[in-house]
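# An overview of the molecular structure
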Amino acid sequence: PNDTRYGEQQHLPQIKAPEAWDLAQGDSAVVVAIIDTGTDWNHPDLAANIWRNPGEIVDGIDNDGNGYVDDIRGWDFVDNTEFVFPGEDGGDPDNDPMDFNGHGTHTAGLAGASTDNNAGVASVSWNIKIMPIRAGWHSTLGLGFVDLVAVAQGFIYAADNGADIANLSAGSDDMIADAARYAFESGVLVTVSAGNGNNELGDPLAIAPFALSVAALDERDFKASYSTYGDWVKVAAPGGDQPAGRPGILSTVFDDDYDSYSGTSMAAPLAAGVAALLKSAHPDWSGLDILYQIVGTTDNIDGMNP
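We now turn to the structure provided with this report. (Residues numbered from 1 in each chain as written. Predicted model: local features only at pLDDT ≥ 70, side-chain atom pairs only at ≥ 80, totals over all residues. Heavy atoms only, no water.)

Here we come to a negative patch on the surface. Negative charge collects at one region of the surface, where Asp255, Asp256, Asp257 and Asp259 lie side by side. By the secondary structure assignment, Asp255 is in the loop between strand 10 (249-253) and strand 11 (257-261). (Patch = residues over 30% accessible without salt bridge, like charges linked within 9 Å, V, L, I, M, F, W, Y side chains within 5 Å. Areas by Shrake-Rupley, 256 points an atom, 1.4 Å probe, with all protein chains shown as cover. Salt bridge = Lys/Arg side-chain N within 4 Å of Asp/Glu carboxyl O. Lys, Arg positive; Asp, Glu negative; His and termini not counted. Charge placed at Lys NZ, Arg CZ, Asp CG, Glu CD. Helix = DSSP H or I, 4+ residues; strand = E, 2+ residues; numbered from the N terminus.)

Between side chains of opposite charge, a pair can form when the charged atoms approach closely. Per the counting criterion, the structure on display carries seven salt bridges. Between Arg134 and Asp76 there is a salt bridge, with the nearest N and O atoms lying 2.9 Å from each other. Taken together, the positions of Arg134 in strand 3 (residues 129-134) and Asp76 in strand 2 (residues 75-76) put the pair 58 residues apart, joining distant regions of the chain. Both residues of the pair, Arg134 and Asp76, count as buried. Here Glu88 and Arg134 are joined by a salt bridge, their closest N and O atoms 2.7 Å apart. Within this pair, whereas Glu88 is found in the loop between strand 2 and helix 3 (103-112), its partner Arg134 is found in strand 3, the two being separated by 46 residues in sequence. Across this residue pair, the class does not change: Glu88 and Arg134 are buried. Connected via shared salt-bridge partners are Asp76, Glu88 and Arg134. (Buried < 20%, exposed > 50% of the residue type's maximum accessible area, 1.4 Å probe, protein only.)

Before going further, it helps to spend a moment on the sheet that holds strand 2. Sheet architecture is open: seven strands sit in the order 2-3-1-6-7-8-9, paired in parallel fashion. Whereas interior strands pair on both sides, the edge strands pair on one side only; in this sheet they are strand 2 and strand 9 (235-238). Note that strand 8 (residues 212-217) and strand 9 share four bridges and pair parallel. Counted as the bridge partner of Val214 is Val235 from strand 9. Helix 3 rests against strand 1 (31-36) and strand 3 of the sheet, and its axis sits at about 160 degrees to strand 1. (Pairing = 2+ DSSP bridges. Contact = heavy atoms within 4.5 Å. Axes fitted to C-alpha atoms, helices over the stretch in contact; angles between N-to-C directions.)

Attention shifts here to helix 7 (residues 287-297). Taken together, the buried positions of helix 7 are occupied by Gly287, Ile290, Leu291 and Ile294. Axial view of helix 7: buried residues confined to an arc of 100 degrees, hence all on one face. Residues Tyr292, Gly296 and Thr297 are exposed on helix 7 and point more than 90 degrees away from its buried face. Summarising the contacts, the buried residues of helix 7 are in contact with strand 7 (189-193), strand 8, strand 9 and helix 6 (264-281). (Arc of directions from axis to C-beta.)

Next comes the structure, spelled out in structure tokens:
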């Protein structure tokens, strides 16, 4: 692709994305829900790929009867005014899932940034649609947080509004795992980060048998220094390893910018992007079909990572 910063994205040739693009580049009918701190939906490298709710117009009425008024591009479930960074939207849930932290925009760009558009970065799936779901915020401590109830609501929203894949790059509890199971049973493939604890302790969603849990690798296919691991992890994907002095993963961030991050948070949306490519090439495949295909055809790197 002709994106100006494609040469800085070592993770794409690492997963053989150029070979995959000869077969599929992402279909706009495929929808990936990003359940995170929101998405900078007017970012110049994301705007063309933001999901548009076909049953809704901005008129103060719930036109499609889904329980959310004017949700033309997803939903903001955050309802927290105590620890939200000054100037950020922390009030009642609304129809503006804008990201103020950067984390959600970064994950969205990895799965589905506009690609071959002569600007910015490339993504795994060039033309798919991103459904922004804001379940977190930028706190007064300068850190990103997610609300567990909002995350659970996000999975239900994704399932009920046509998402094919839903990504969570954050921790979970039993409530979230139950909501994600609802999404999976509704036909949604759930991708989730394995965690950054450098141990074998997975949270309830990450260890769930139906979830595509993703550990992180550096650019050499070695486990990232921070990545959680274990026999419950389904796959591993590039996540960068800046803590160990290795390159990070470049993607979009809030306020129309770009930055390199590291984490299993980055590995999971890359897997979501691969899932979106498969769904584009095989629209009749279920979420379970795609999960089996991804897990069953990955390179075995166990020998490199004893």
